[in-house]
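Spelled out from the first residue to the last, the chains are:
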Amino acid sequence: MARQGSGAMLASGGLGFPPQNLARVVVWEWLNEHGRWRPYSAAVCHHIENVLKEDARGSVVLGQVDVQLAPYIIDLQSMHQFRQDTGTMRPVRRNFYDPSSAPGKGIVWEWENDNSSWTPYDMDICITIQNAYEKQHPWLDLSSLGFCYLIYFSSMSQMNRQTQRKRRLRRRMDLAYPLTMGSIPKSQSWPVGTSTGTPCSCPQCLLVNSTRAASNAILASQRRKLYPGAVRQSSTFAGAALWPAGTGTAAVAGGTTKGEGLRVPSGAFAPSQSVPGGVSLPGLNNLNRPGTQRGAGLGARATVPPGVPALPVKNLNGTGPVHPALAGMTGILMCAAGLPVCLTRAPKPILHPPPVSKSDIKPVPGVNGICRKTKKKHLKKSKTPEDVVRRYIQKVKNPPDEDCTICMERLVTSSGYEGVLSHRGIKPELVGKLGKCGHMYHLLCLLAMYNNGNKDGSLQCPTCKAIYGEKTGTQPPGKMEFHLIPHSLPGYTDSKTIRIVYDIPTGIQGPEHPNPGKKFTARGFPRHCYLPDNEKGRKVLKLLIVAWDRRLIFTIGTSNTTGESDTVVWNEIHHKTEFGSNLTGHGYPDPNYLDNVLAELLAQGVSEATLKD
């Protein structure tokens, strides 16, 4: 279809909440490890809503509507997604959009990844693209959402502004997301404490909250000090700009150094005004996104007016997956109120230590050897799945009238997998109790859960995550090296540093991997990780060696950063890959890291007890 008019550099909204008496489109989303909310499909959202109507504190088995999500369960009480075969937990949220937006119409925008398959955009990006498409803009700039991409509708392509690489994109029709009515609270944008209501203390959420607080304080001070007579405007951008004409761009931090900051146009446009380039802006109920207008002022220079804040924002060059979006958030908050802001480039992360000679590299005290290798997994002639399930359960003759949290059927009735699975000797009405924790399930449900996992002879309770047997993973063959280097980590100035080097080559997927017989890639190897050389750091190293031997450190899957599938990715045991700083959140100082990684290892069944065996 022919597209006319100016390109869109302003992301049109759709993310606010309409009045309470109007319908809303419900989209359920899960939080990945890079702080991005990823939407479930419309079919899955309908399923979740149906379960929610029956029991707002129950559990949702996603495999009942999408076979690819068979390992996943959502606990509605804690608002977390649980993966049964790995024990991984992620926050989920129930978000709301206008019925006239893309999810209300069943429109999905997707981009083609390196595997020639299609990956859907995040929901706010999907809505922004659809809005520009409906207005017949020939192109769209996504920089305000934290992504350095241009969308060209005429060629249906996405171009990276830094690398100039192009990918195909497509627009397809799907099932519309569910509608809901009535008084509904705003959705959570960031995870909070499960029982106390206290905010999450992870570095990402702390950074978001501090940015939010700083922006609010700056907004108030600018109004008071610089323009005491100005009419107060809502931060939701309801009127004309507060900043006077002639200050359309904010200068680089310092005012003279070229390329050291990100210039953001400061003028906020009224609904009847236009951005540079002639793009007409409709009225919006929520925050405008002036950060997308920065292309008009990138070549200009101006002095910073008195009192204009310079906010350091991490990774403006796009090397990090989270913080470019936070830079956009800061620009939105400041520019929506008509204030200029200069987002300065933070120092580059120090990923590696100074060069170390071979003579200075020493073995780690108390740890045997300096290298561990893993080979291809040898499939053991182990017991049948039925034997494994029977090994860890006790049959229950008179089960209580409660839900089986795997199939969500009552324990006094047959398993929900009746007719789907058929195994000799296991009837669909049989119920078993796990030996350690005492939680009860249909035997057929436990068998289905086991068959969907790694089939390594171990079970993990879906309710309390207790592990029965020795859990192993699907890590491909590789090498792990570890040694001491004569340098100190920030926060551990009195200790040397343990350096771990992981190296995994590309190869062919085995029967335990997602696509057996297909090639997998291994990006970014060798990977260097760091621990302090103290008692707890050496304990973590010993447990990481156990996890490596059990093939739990890495797995093969889809990268949440690049979208590439069939590639080696981390497997829920976090490592510190930044040596001399903590700009990416993967470095030091981090006083809670060692305790956190010990808890992650324990969740994988790797505890101090394994060191005594």
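Look above for the structure.
Residues numbered from 1 in each chain as written. Predicted model: local features only at pLDDT ≥ 70, side-chain atom pairs only at ≥ 80, totals over all residues. Heavy atoms only, no water.

Chemist: So what's going on with the overall build of the protein? Residues and values would help.
Modeler: Along the backbone of the protein there are ten helices and 31 strands. Each of the 613 residues in the protein was classed as buried or not, and the buried ones make up 48%. The contacts in the protein between residues at least 6 apart in sequence include a share of 65% that link residues at least 24 apart. With the model as given, the accessible surface of the protein reaches about 29,100 Å², and the carbon-plus-sulfur share is 53%. (Helix = DSSP H or I, 4+ residues; strand = E, 2+ residues; numbered from the N terminus. Buried < 20%, exposed > 50% of the residue type's maximum accessible area, 1.4 Å probe, protein only. Contact = heavy atoms within 4.5 Å. Areas by Shrake-Rupley, 256 points an atom, 1.4 Å probe, with all protein chains shown as cover.)

Chemist: So, the pattern of salt bridges: which residues are in play, and what are the values?
Modeler: Enumeration over the complete set of coordinates arrives at 26 salt bridges. Between Glu49 and Arg94 there is a salt bridge, with its nearest N and O atoms 2.8 Å apart. You can see Glu49 sitting in helix H1 (residues 42-54) and its partner Arg94 sitting in strand S6 (residues 89-97), a full 45 residues away along the chain. Comparing Glu49 with Arg94 shows no difference in burial state: the two are buried. For Arg523, the salt bridge is made with Glu564, and the minimal N-O distance between the two is 2.9 Å. Placement of Arg523 in the loop between strand S28 (519-520) and strand S29 (527-532) and of Glu564 in the loop between strand S30 (554-557) and strand S31 (567-570) is noted, with a sequence separation of 41 residues between them. Judged by relative accessible area, which is 7%, Glu564 ranks as buried. Among the charged side chains, a network of salt bridges with common partners joins Glu110, Arg170, Arg172 and Asp174. (Salt bridge = Lys/Arg side-chain N within 4 Å of Asp/Glu carboxyl O.)

Chemist: Let's hear about the packing of helix H6 (residues 385-392) against helix H7 (residues 443-451): which residues, and what values?
Modeler: Two quantities define a packed helix pair, namely the angle between the axes and the distance from one axis to the other. As a packed pair, H6 and H7 sit with axes 10 Å apart at the nearest point and diverge in direction by 120°. Taken as axis vectors, H6 and H7 run oblique relative to one another. The way H6 lies across H7 gives a crossing that is right-handed. Seen from H6, the contacting residues are Pro385, Glu386, Val388 and Val389; seen from H7, they are Leu443, Leu446, Leu447, Tyr450 and Asn451. Class assignment for the residues of the contact of H6 with H7 results in seven nonpolar, one polar and one charged. (Axes fitted to C-alpha atoms, helices over the stretch in contact; angles between N-to-C directions. Parallel < 35°, antiparallel > 145°, perpendicular 65-115°, else oblique. Left-handed = near helix turned anticlockwise from the far one by under 90°. Nonpolar A, V, L, I, M, F, W, Y, C, P; charged D, E, K, R; others polar.)

Chemist: Please give an account of the packing of helix H8 (residues 535-549) against helix H9 (residues 593-603) that cites residues and values.
Modeler: Packing of H8 against H9 brings their axes to within 10 Å, and their N-to-C directions diverge by 25°. Considering the angle they form, H8 stands roughly parallel to H9. Relative to H9, H8 is oriented so that their crossing is left-handed. Contacts between H8 and H9 involve Lys536, Gly537, Lys539, Val540, Leu543, Leu544 and Ala547 from the former and Leu594, Asp595, Val597, Leu598 and Leu601 from the latter.

Chemist: Which residues make up the nonpolar core, and what values do they have?
Modeler: Soluble globular proteins tend to pack their nonpolar side chains together in the buried interior. In this structure, Met480, Ile500, Tyr502, Leu531, Leu541 and Leu544 are the most contacted members of the largest nonpolar core, which totals 40 residues. Sorting the residues of this core by element identifies strand S25 (478-485), strand S26 (497-503), S29, H8, S30 and H9 as the ones contributing at least two each. With eight residues, the single largest contributor to this core is H8. For Met480, the residues in contact, after removing those within four places along its chain, are Ile370, Cys371, Arg372, Ile500, Val501, Tyr502, Leu541, Leu544, Ile545 and Trp548. Counting 39 residues, the second largest nonpolar core, distinct from the first, contains Val26, Ala42, Ile107 and Tyr121. (Core = buried A, V, L, I, M, F, W, Y, C linked by side-chain atoms within 4.5 Å.)

Chemist: Hey, could you go over the packing of aromatic side chains for me, with residue numbers and the actual values?
Modeler: Per the stated rule, a full pass over the model turns up twelve aromatic pairs. Consider the rings of Tyr588 and Tyr593, whose centres lie 6.1 Å apart with planes at 90°: the pair is edge-to-face. The pair formed by Tyr588 and Tyr593 is uniform in burial state, with each residue classed as buried. The ring centre of Phe525 lies 4.3 Å from the NZ or CZ of Arg527, which sits over that ring. (Phe/Tyr/Trp six-rings, centres within 6.5 Å; stacked < 30°, edge-to-face > 60°. Lys NZ or Arg CZ within 6 Å of the ring centre and 35° of its normal.)

Chemist: An account of the state of the cysteines is needed here, citing residue identities and associated values.
Modeler: With the rule as written, the count across this model stands at zero disulfides. Not part of a disulfide, Cys437 finds its nearest cysteine sulfur in Cys464, a span of 3.7 Å. Just so you know, Cys461 is unpaired, no disulfide at all, and the nearest cysteine sulfur is the one on Cys464, 3.7 Å from it. (Disulfide = S-S within 2.5 Å.)

Chemist: For the side chain of Asp590, give the residues involved together with the corresponding values.
Modeler: With respect to the secondary-structure elements, Asp590 resides in the loop between S31 and H9. Sequence-distant contacts of Asp590, defined by excluding residues within four places in its chain, comprise Tyr492 and Lys576.

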